[in-house]
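# Remarks on the overall topology
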Amino acid sequence: MTPVSIAGQSAKDMMEARENTSFDVETIRDYLFGGRTNWKTHKNIEDILKSDPAFDKSQRNFIGRIEAYERALAITHRLVELQRAHGWTKQEMDQAAFILSEVLPITSHDVAFEPVFLYQASPAMMSEYWDLVSNKGIQGCYLQTELGHGSNVACLETTATYIPEAHEFEIHSPTLTSTKWWIGGLGKTATHGIVQAQLILPGGENAGPHLFLVQLRSLEDHTTLPGISIGDIGPKACGGLAAIDHGYARFNHVRIPRTNMFSKFAGVTEDGRYVRPRNPKHSFGGMMYIRARMVTTGGWTLARAITIAIRYTTVRRQGERDEHGLERQVIRYPSTYYRLLPILARAYVFIALGRQTLKEFTKITERSDQRDFTHLSEFHATLCGLKVLVTNAVVKDLETARRALGGHGYSAFAGIGRLYADYLPTVTYEGDNFVLDGQVVRAAVKSYHAYMSTPSSPLGVHSSYIRLLKGNNPKPTLKGPTTTTIWQNSNSIVHLFEWRAALVLSEVVRHVDDLDANANQRLSKAVADAFVAVKVGEMMAGLDVLPRREGDVIRALYHLYLLTTAEDALVDLFSTGLLQQSQSQSESGDHQLRLAIKQQCSRLLSDAVGLTDAFSFSDWALDSLIFSFPTYLSSGALGVSDGRVYEEIWRRAQLEPLNQLGNKPGYYESLRPMLQEGQKLSKRVNSRL
């Protein structure tokens, strides 16, 4: 039997995978980007970035933290230069940052500092500062978390005491635990900060947490201003977010003008009277924007990881050989595609859902500006649930995708390890997920009582499932052969998720004084799953605008999302009686569900590579060992490769700085003395025998 060239076969496998794709990749690519115009904008920006030496990635894995920070500052500077030179909008600048996939100190300014100005600054403050903010004339950060408190904003200790005779606030850190901590961009970069502090009125009344603009450093030489102590908090777990200077700050009776309070909705008059907001939730505008963005960000983060994992397992061959002497492609093993294809489905769902969420956020914001807060509270609860659902799923899926790469997945060159380390803290920042579960539950219980006590009480999109608990709505009970048809019908699965949320909520309300320890997490997950399932059903109905084949492929992905979410919810489905165990294992609902998942994966398997190609990641943007972007999508882009991953592994290993030091780094100082002593001891032992 003629030996098979593994490297050559890898290129052939990738080519065949693309030839077997059953749909037009460009059509689905345009769907993911929200239209071809958006993709062209994305492509034009990427062409500019990848031709610029400032964005070279070749040494990224070999540098320390200080170098990483300095490199990130240089990238930030160059990005801003390009924005000015090409007239990029805010959205185009965000697209550039997304393409780069770099951790940058500017992130806090873009995703927190600017939005708070837009949604909570008074007209006077906007007039004074917005040009500086939007043109990066000042660099901002958002100081909320403290050494002693994070998600519990109500108990923050930093104070802002109003001094009426001076028309000033005094910002102060009264205790060690009031030190602001974990603040992105604060350690070395920011010139200004938005400080969350307890508003203390004349006479000592505490009006609760409010936001204040504080200058931190000189605009002349960047020195820290008097009364403020600032520093970096040190390295993070797994080496993540190394280029961001997460910092701490302490304030010692620092005075700021009264007009530096963010007072679009609440404020303090010159004589010290407090002007209350019409709705306390409107102060969440900046935070809600960040959470809305996290849905889309999570989807595209998964897209990067699953592109790497699916492409690599397509060209990686291991195990038994066929009649041609070829080992089996790893992706063809059920244990592999069962893990990876649901991740691909979640990436597609989160990207589309994120786009809808941002549109809805814009509508809610416009209504709030008109003093219409009708849907604000429910949308806040929706974002809490989505933040928990998406970040929990992405963290889990990133590690699953990395492990699917086998041993090479632990290499930094693979790319998923870095994605995981940088994404991991999302389950904690912008609200710890376990804390946010409680907010989702409180909103659900409130909606339940309102609806049950007032028949005319309207239900919003997030709480529409509660309708099932009132009137003649017979609970479905699935048992035996009937479950097979249920799993084939997307609308039936969506309805099942709504019933699950309603029944778990009913159980929580019934046992409110004697809840189990995990009740909040179960109900929050059930409510979020029901909301997303309804949205997925709407997305599937909207796929008719696509050509039939392309619509069918995405519809199959969305159906796989519903099936695997149902599998994750089996305990609830059984405990609520929605599913009942059959005497025959072959007819049981869970068995039929898992068979349906297997069948759906088998249907999608031959299109897996094409579905990752639709994400449109170039080799340069992906920056992984798995270089395999096709020419028909790259529009003539340079550096297109063909799946030869093993040559790339070898090439990158040669870049390792240790390999430039010869054979003896540390040899004379440490290794040789140890070896020589061991050899002497060995001779003594042998001489005694």
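Report on the accompanying structure. Everything numeric here is computed off the predicted structure, so don't read it as measured data.

Calculation notes
Residues numbered from 1 in each chain as written. Predicted model: local features only at pLDDT ≥ 70, side-chain atom pairs only at ≥ 80, totals over all residues. Heavy atoms only, no water. Axes fitted to C-alpha atoms, helices over the stretch in contact; angles between N-to-C directions. Helix = DSSP H or I, 4+ residues; strand = E, 2+ residues; numbered from the N terminus. Parallel < 35°, antiparallel > 145°, perpendicular 65-115°, else oblique. Left-handed = near helix turned anticlockwise from the far one by under 90°. Contact = heavy atoms within 4.5 Å. Pairing = 2+ DSSP bridges. Polar contact = N/O pair within 3.5 Å; in protein donor to acceptor, adjacent residues only side chain to side chain. 1 Å grid on protein atoms, 1.4 Å probe; cavity = no way out; pocket = protein on both sides within 12 Å on 5 of 7 lines; lining within 4 Å. Points joined across faces, edges and corners; volume = space filled by probe spheres on them. Nonpolar A, V, L, I, M, F, W, Y, C, P; charged D, E, K, R; others polar. Salt bridge = Lys/Arg side-chain N within 4 Å of Asp/Glu carboxyl O. Buried < 20%, exposed > 50% of the residue type's maximum accessible area, 1.4 Å probe, protein only. Disulfide = S-S within 2.5 Å. Core = buried A, V, L, I, M, F, W, Y, C linked by side-chain atoms within 4.5 Å.

Helices that pack against each other are described as a pair by the angle of their axes relative to one another and the distance between those axes. Here helix H4 (residues 65-86) crosses helix H5 (residues 90-100) at 140°, and the two axes come no closer than 11 Å. The orientation of H4 relative to H5 falls into the category oblique. Crossing of H4 over H5 shows right-handed handedness. Of the residues in H5, those touching H4 at Ile-75, Leu-79, Val-80 and Gln-83 are Met-93, Ala-96 and Leu-100.

The next subject is the pairing of strand S12 (residues 317-321). Pairing of S12 with strand S13 (residues 327-329) involves two bridges; the strand directions are antiparallel. Across the sheet, the residue bridging to Arg-321 is Glu-327, located in S13. Between S12 and S13, which follow one another and run antiparallel, lie five residues, and Gly-325 among them has a positive phi close to 85°.

What follows deals with the side chain of Glu-146. You can see Glu-146 is positioned in the loop between strand S1 (140-143) and strand S2 (159-163). One polar contact links Glu-146 to Thr-158, side chain to side chain, over a distance of 2.6 Å. Within the structure, the side chain of Glu-146 is placed 3.1 Å from the side chain of Lys-180, a separation counted as a polar contact. Each residue touching Glu-146, except ones within four places of it in the same chain, is listed here: Leu-156, Glu-157, Thr-158, Thr-177, Ser-178, Thr-179, Lys-180 and Trp-181.

Moving on, we get to the layout of surface pockets. A probe as big as a water molecule, rolled over the atoms, marks out the empty space that is left. Roughly 790 Å³ of internal volume is contained in the second largest pocket. Looking at the second largest pocket, it is lined by 30 residues, and the ones nearest its centre are Arg-346, Ala-393, Lys-396, Lys-525 and Asp-568. Elements supplying a minimum of two residues to the lining of the second largest pocket: helix H9 (334-369), helix H10 (376-404), helix H12 (433-453), helix H15 (519-541) and helix H16 (548-568). Among the elements that take part in the lining of the second largest pocket, H10 stands out by supplying eight residues, more than any other. Residue composition of the lining of the second largest pocket, by class: eleven nonpolar, nine polar and ten charged.

Looking now at the pattern of salt bridges. Under the defined criterion, the tally for this structure stands at 43 salt bridges. Of the charged contacts, one joins Arg-276 and Glu-205 as a salt bridge, the two residues approaching to 3.8 Å between their closest N and O atoms. Note that Arg-276 is positioned in the loop between strand S11 (274-275) and helix H8 (285-315) and Glu-205 in the loop between strand S5 (192-200) and strand S6 (206-215), a separation of 71 residues in sequence. Taking relative accessible area as the criterion, Glu-205 reaches 41% and is therefore assigned partly exposed. Across the pair Arg-311 and Asp-613 runs a salt bridge whose closest N-O atoms are separated by 2.7 Å. Highlighted residues: Arg-311 in helix H8 and Asp-613 in helix H19 (residues 608-613), separated in sequence by 302 residues. With relative accessibility at 0%, the residue Arg-311 sits in the buried group.

What follows covers the state of the cysteines. Should the sulfur atoms of two cysteines be covalently bonded, the bond is a disulfide. Going through the model one piece at a time under the given rule, you end up with zero disulfides. In this model Cys-155 remains outside any disulfide bridge; the closest cysteine sulfur is found in Cys-384, 18 Å from its own. Residue Cys-155 is classed as partly exposed on the basis of its relative accessible area, which comes to 38%.

Attention now goes to the nonpolar core. Soluble globular proteins tend to pack their nonpolar side chains together in the buried interior. Among the nonpolar cores identified, the biggest contains 117 residues, and Leu-341, Tyr-348, Trp-487, Tyr-558 and Phe-615 are the most heavily contacted of them. Tallying contributions element by element places H9 first for this core, with 13 residues. One finds Cys-141, Phe-169, Ala-207 and Ile-230 within the second-largest nonpolar core, a separate group that totals 27 residues.

Let us look at unusual backbone geometry. Even without being glycine, Lys-136 reaches a positive phi, approximately 60°. What makes Lys-136 buried here is its relative accessible area of 17%. Of note, His-167 is a non-glycine position whose phi angle comes to about 55°, a positive value. The topology assignment puts His-167 in the loop between S2 and strand S3 (168-172).

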